[in-house]
Amino acid sequence: MQNTYKYKKVLIVDDNEIDTFVNMKIMENIDFAETIIVKNSEVSALEYFTDECKTNDDFPDVIFLNPAMSPERKGDFIKEFQKFPKIEGKNRLIIISVMEKQQQNDLSIKRKAIYQALSKPLTLEELLKI
């Protein structure tokens, strides 16, 4: 039987290997995405967009970003991300972090590019609402 995935491709940008592993397993268990791409820095994620995303179909449908990565792995991802074309139904940027819910909401309001902010680790219920 063929799996029916909610999304074709998602990107996780997080330098925490344990959180990334847990999030990937939850996504795999519910057939969230056919392809899950992981980048452990903002810089490598931006390089992925530049090098691998040549057509609209190449862009991930959903991007999960941990904005609290170690300083050597950070760039200004959100600012650079906004330079890429906005594609209807794609490029949904979701912040995943250990911030309090109010801090996440404040960040979302400040950055119009952010689709949603969620706490880590992701839950089945949260993923199903995306």
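Throughout what follows, the structure given in this document is the object of discussion. (Residues numbered from 1 in each chain as written. Predicted model: local features only at pLDDT ≥ 70, side-chain atom pairs only at ≥ 80, totals over all residues. Heavy atoms only, no water.)

### With respect to the overall build of the chain
Piece 1. A tally of helices and strands in the chain yields five helices and five strands.
Piece 2. When the elements of the chain are put in sequence order from the N terminus, they spell out β-α-β-α-β-α-β-α-β-α.
Piece 3. Among the 130 residues that make up the chain, the fraction classed as buried is 43%.
Piece 4. Taking the contacts inside the chain whose residues are at least 6 apart along the sequence as the reference set, 70% of them involve residues at least 24 apart.
Piece 5. With the model as given, the accessible surface of the chain reaches about 7500 Å², and the carbon-plus-sulfur share is 50%. (Helix = DSSP H or I, 4+ residues; strand = E, 2+ residues; numbered from the N terminus. Buried < 20%, exposed > 50% of the residue type's maximum accessible area, 1.4 Å probe, protein only. Contact = heavy atoms within 4.5 Å. Areas by Shrake-Rupley, 256 points an atom, 1.4 Å probe, with all protein chains shown as cover.)

### Quick notes on the sheet that holds strand β1 (residues 7–13)
Piece 1. Strand order in the open sheet formed by five strands is β2-β1-β3-β4-β5, and the pairing between neighbours is parallel. Both edges of this open sheet fall to β2 (33–39) and β5 (114–119), since each of them pairs with a single strand only. Neighbour-to-neighbour, the strand axes of this sheet turn through a mean angle of 20°, independent of strand direction.
Piece 2. Bridge count for β1 against β2 is six bridges, and the pairing is parallel. Looking at β2, one finds that Y7 is bridged to A33.
Piece 3. Along the sheet, helix α1 (residues 17–29) makes contact with β1, β2, β3 (62–65) and β4 (92–97), crossing β2 at roughly 175°.
Piece 4. Contacting β1, β2 and β3, helix α2 (residues 42–52) crosses the sheet at an angle of about 145° to β1. (Pairing = 2+ DSSP bridges. Axes fitted to C-alpha atoms, helices over the stretch in contact; angles between N-to-C directions.)

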